[in-house]
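Residue-level listing of the chains:
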Amino acid sequence: QVQLVESGGGLVQAGDSLRLSCAYSGRTFSSYAITWFRQAPGKDREFVAGISWGGDRTDYANSPDSVKGRFTISRDNAKNTVYLQMNSLKPEDTAVYYCAAGRALLTERRFYDYWGQGTQVTVSS
């Protein structure tokens, strides 16, 4: 059984930074790609960023409200933790952020077998 626990969310102002953490337990952590998704009220859950099991490959969303250049994903396998550093936050980043584990780094949620409960990020203008 794989368990994922997110933390680090909160209420911040536009332009502030937050670092989310995804703590992993269960099967061999290093064998899974870990990805962050987010879901805003009334919207679908969308891909934000992901990192391969070895940490050598990362991917970021290319949506109009792109996180590329503002968000950075990293992992520390010694601590069984993946991080999402979020800088220059915008009100449109407000959402529940989920981490997910899967066998490959892909952007579609259907490929991920394990999910955390989510952490709320609220950015005020």
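One can find the structure itself at the top, above this paragraph.
Chains are numbered independently. Their residues run from 1 in the order of the written sequence. Whole-chain, interface and lining totals are the exception, using all residues; otherwise, since this is a predicted model, local features are given only for residues with pLDDT of at least 70 and side-chain atom pairs are given and counted only at 80 or more. To obtain the side-chain values, all non-hydrogen atoms of the structure were included, while hydrogens and water were left out.

Q: Looking at this structure, I do not really get the pattern of salt bridges. What am I missing?
A: Close approach of charged atoms lets side chains of opposite charge pair. Here, a salt bridge means any side-chain nitrogen of Lys or Arg that lies within 4 Å of a carboxyl oxygen of Asp or Glu. One pass over the full model with this rule turns up four salt bridges. With a closest N to O distance of 2.7 Å, glutamate 46 and arginine 38 form a salt bridge. Remark: exposure states derive from per-residue accessible area (1.4 Å probe, protein chains only) relative to the maximum for the residue type, with buried under 20%, exposed over 50%, and partly exposed in between. You can call glutamate 46 partly exposed: its relative accessible area is 32%. Of the residues examined, arginine 38 reaches a relative accessible area of 5% and is grouped as buried. For aspartate 93, the salt bridge goes to arginine 38, with nearest N and O atoms at 2.9 Å. In this pair, aspartate 93 is assigned in the loop between strand E8 (81–86) and strand E9 (95–102) and arginine 38 in strand E4 (residues 33–39), connecting sequence segments 55 residues apart. By the criteria applied, helices consist of DSSP H or I runs no shorter than four residues and strands consist of E runs no shorter than two, each listed in order from the N terminus.

Q: Please explain the nonpolar core as it appears in this structure.
A: Soluble globular proteins tend to pack their nonpolar side chains together in the buried interior. Nonpolar cores are built from buried Ala, Val, Leu, Ile, Met, Phe, Trp, Tyr and Cys residues. Side-chain atoms within 4.5 Å join them into one set. Core analysis: the biggest nonpolar cluster contains 36 residues, and Ile34, Trp36, Leu84, Met86 and Tyr97 have the highest contact counts within it. Counting only elements with at least two residues in this core, the list comes to strand E3 (18–25), E4, strand E5 (46–51), strand E7 (71–76), E8, E9 and strand E11 (119–124). Per-element accounting of this core gives the leading share, five residues, to E9. The residues touching methionine 86, leaving out its near neighbours within four places in the chain, are Asp16, Ser17, Leu18, Leu20, Arg70, Phe71, Tyr97 and Val121. Throughout, a contact is declared for two residues whenever any of their heavy atoms are within 4.5 Å.

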